[in-house]
Amino acid sequence: MTVESAVVLGPGGPVGTAWLAGLAAGLGREGVDLGAADLIVGTSAGAIVGAILACGGDLDRLAVLPAPTDPEGGVRTDPDRLAEVFATLGDTGLERTEALRRVGQLAATASTGGEETAIARMRSLIGQGQWPETPLLIPSVDAETGEAVIWDRHGAASLPEAVAASTAFPATAPPITIGGRRYIDGALRAGINVDLAGDAHVLIVAEPMAHLSGTNGIAAGEGVVIRLVPDAEAIEAFGPDITDRATWAPAYQAGLRQASDAAERIRASSVIM
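Scope of this entry: the structure provided in the associated data block. (Residues numbered from 1 in each chain as written. Predicted model: local features only at pLDDT ≥ 70, side-chain atom pairs only at ≥ 80, totals over all residues. Heavy atoms only, no water.)

Some remarks on the overall build of the chain
And then number 1: Helix and strand counts for the chain stand at 10 helices and eight strands.
And then number 2: Taken over C-alpha atoms, the radius of gyration comes to 17 Å for the chain, in line with the 19 Å a tight globule of 273 residues would show.
And then number 3: Principal axes of the C-alpha set define a box for the chain whose edges measure 50 × 40 × 35 Å.
And then number 4: In the chain, which comprises 273 residues, the share counted as buried stands at 51%.
And then number 5: For the chain, contacts bridging at least 24 residues in sequence account for 75% of all contacts bridging at least 6.
And then number 6: Surface summary for the chain: the accessible area is close to 11,600 Å², and the carbon and sulfur share equals 50%. (Helix = DSSP H or I, 4+ residues; strand = E, 2+ residues; numbered from the N terminus. Rg over C-alpha atoms; globule rule 2.2 N^0.38 Å. Buried < 20%, exposed > 50% of the residue type's maximum accessible area, 1.4 Å probe, protein only. Contact = heavy atoms within 4.5 Å. Areas by Shrake-Rupley, 256 points an atom, 1.4 Å probe, with all protein chains shown as cover.)

Quick look at the structure:
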């Protein structure tokens, strides 16, 4: 697949979501609209921000963490199961698909709350229930088979369901049932899933967790690649725990602050979006 411009937004938990939202909002103020790309690929945290961008939504709503829709008993982490998930993913003796099947089983038995609650939360965050016309790809993984599924507007998932599935990291959120099958976090497929952007002539990649995950195999090829990552000040604002919602506002402000330099890099590459 070849498109003129593509935006790839990577995973990063609540902290990464806030940073991405601030960065995209700041770029918009600088005259660079990531939502105008020919293709948006959003994984996990990136799925939330990608959906808002593709739908033309207001990212400033995320300057502070929106109040939960379920204050009495919402989505929660199961610490014991989460430890098992990380141990399984780190087991070098397991073939990747088998590891994903096992963490899918762990996800299904974890005490993380109801999936309808998770879907409602994503609907509230993205402020939209319908798929946009802008091409938007949201990856997830089948919890039973370990195989990847890429959601778009032609698939069986509603937009909030697709986003909820892509953000359903095992033992931190419940798997999401779509068409009778259960799905978990899209980052388990291939990290930021940059391969889904195909051979875009201009590729903008925003990676909240680049300081932890490295380059993710991004190669320039024959096109222009602009890689946007948190700077030292942003990483300090994130703190050690990407799930710590207390750092949401500082992470958003860090993304907003970085937007000016990011816009200069984009303009310097003769990218118009």
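Back to the text.
Side note on helix 3 (residues 79–89)
And then number 1: What helix 3 keeps buried is the set Leu82, Val85 and Thr88. For helix 3, the angular spread of buried residues about the axis comes to 125 degrees, placing them on one side. Pointing more than 90 degrees away from the buried face of helix 3 are the exposed residues Pro79, Asp80, Phe86 and Ala87.
And then number 2: Contacts made by the buried residues of helix 3 are with helix 4 (96–109). (Arc of directions from axis to C-beta.)

Description of the nonpolar core
And then number 1: Within the largest apolar cluster, 59 residues are counted, with the highest numbers of intra-cluster contacts made by Leu27, Ile138, Trp151 and Val163.
And then number 2: When sequence neighbours within four positions are dropped, the list of residues in contact with Leu27 reads Val32, Leu34, Leu228, Ala259, Ala262, Ala263 and Ile266. (Core = buried A, V, L, I, M, F, W, Y, C linked by side-chain atoms within 4.5 Å.)

Examining the packing of helix 3 against helix 4
And then number 1: The geometry of helix 3 relative to helix 4 is characterised by a closest axis approach of 9 Å and an angle of 175 degrees between their N-to-C directions. On the basis of the axis angle, helix 3 is roughly antiparallel to helix 4. Judged by residue contacts, Arg81, Glu84, Val85, Thr88 and Leu89 of helix 3 engage Arg96, Ala99, Leu100, Arg102, Val103, Leu106 and Thr109 from helix 4.
And then number 2: Of the residues belonging to the contact of helix 3 with helix 4, the class tally is six nonpolar, two polar and four charged. (Axes fitted to C-alpha atoms, helices over the stretch in contact; angles between N-to-C directions. Parallel < 35°, antiparallel > 145°, perpendicular 65-115°, else oblique. Nonpolar A, V, L, I, M, F, W, Y, C, P; charged D, E, K, R; others polar.)

Here we look at the side chain of Thr43
And then number 1: Here Thr43 shows up in the loop between strand 2 (39–42) and helix 2 (45–54).
And then number 2: Those residues in contact with Thr43, other than ones at most four positions away along the chain, are Leu9, Gly10, Pro11, Pro139, Ser166, Gly186, Ala187, Gly191, Ile192 and Asn193.

A closer look at the packing of aromatic side chains
And then number 1: Applying the stated rule across the entire model yields two aromatic pairs.
And then number 2: Ring geometry for Phe86 versus Phe169: centroids 5.8 Å apart, planes at 35 degrees, classification tilted. With Phe86 in helix 3 and Phe169 in the loop between helix 6 (159–166) and strand 5 (176–178), this pair connects stretches of sequence that are 83 residues apart.
And then number 3: Summarising the aromatic geometry, the rings of Trp151 and Tyr183 are spaced 5.1 Å apart at their centres and angled 85 degrees between planes, so their arrangement reads as edge-to-face. A residue pair is termed long-range when its members are at least 10 positions apart, and Trp151 in strand 4 (residues 148–151) and Tyr183 in strand 6 (residues 181–185) qualify at 32 residues.
And then number 4: Residue Trp151 is classed as buried on the basis of its relative accessible area of 6%.
And then number 5: Its relative accessible area of 6% is what places Tyr183 among the buried residues. (Phe/Tyr/Trp six-rings, centres within 6.5 Å; stacked < 30°, edge-to-face > 60°.)

A short note on the environment of Ala165
And then number 1: With respect to the secondary-structure elements, Ala165 resides in helix 6.
And then number 2: Given a relative accessible area of 0%, Ala165 falls into the buried group.
And then number 3: Taking C-alpha positions, Ala165 is 16 Å from Leu9, a pair spaced 156 residues apart along the chain.
And then number 4: Those residues within four positions of Ala165 in sequence are excluded, and the remaining contacts are Ser140, Trp151, Ile176, Ile178, Tyr183, Ile184, Asp185 and Gly186.

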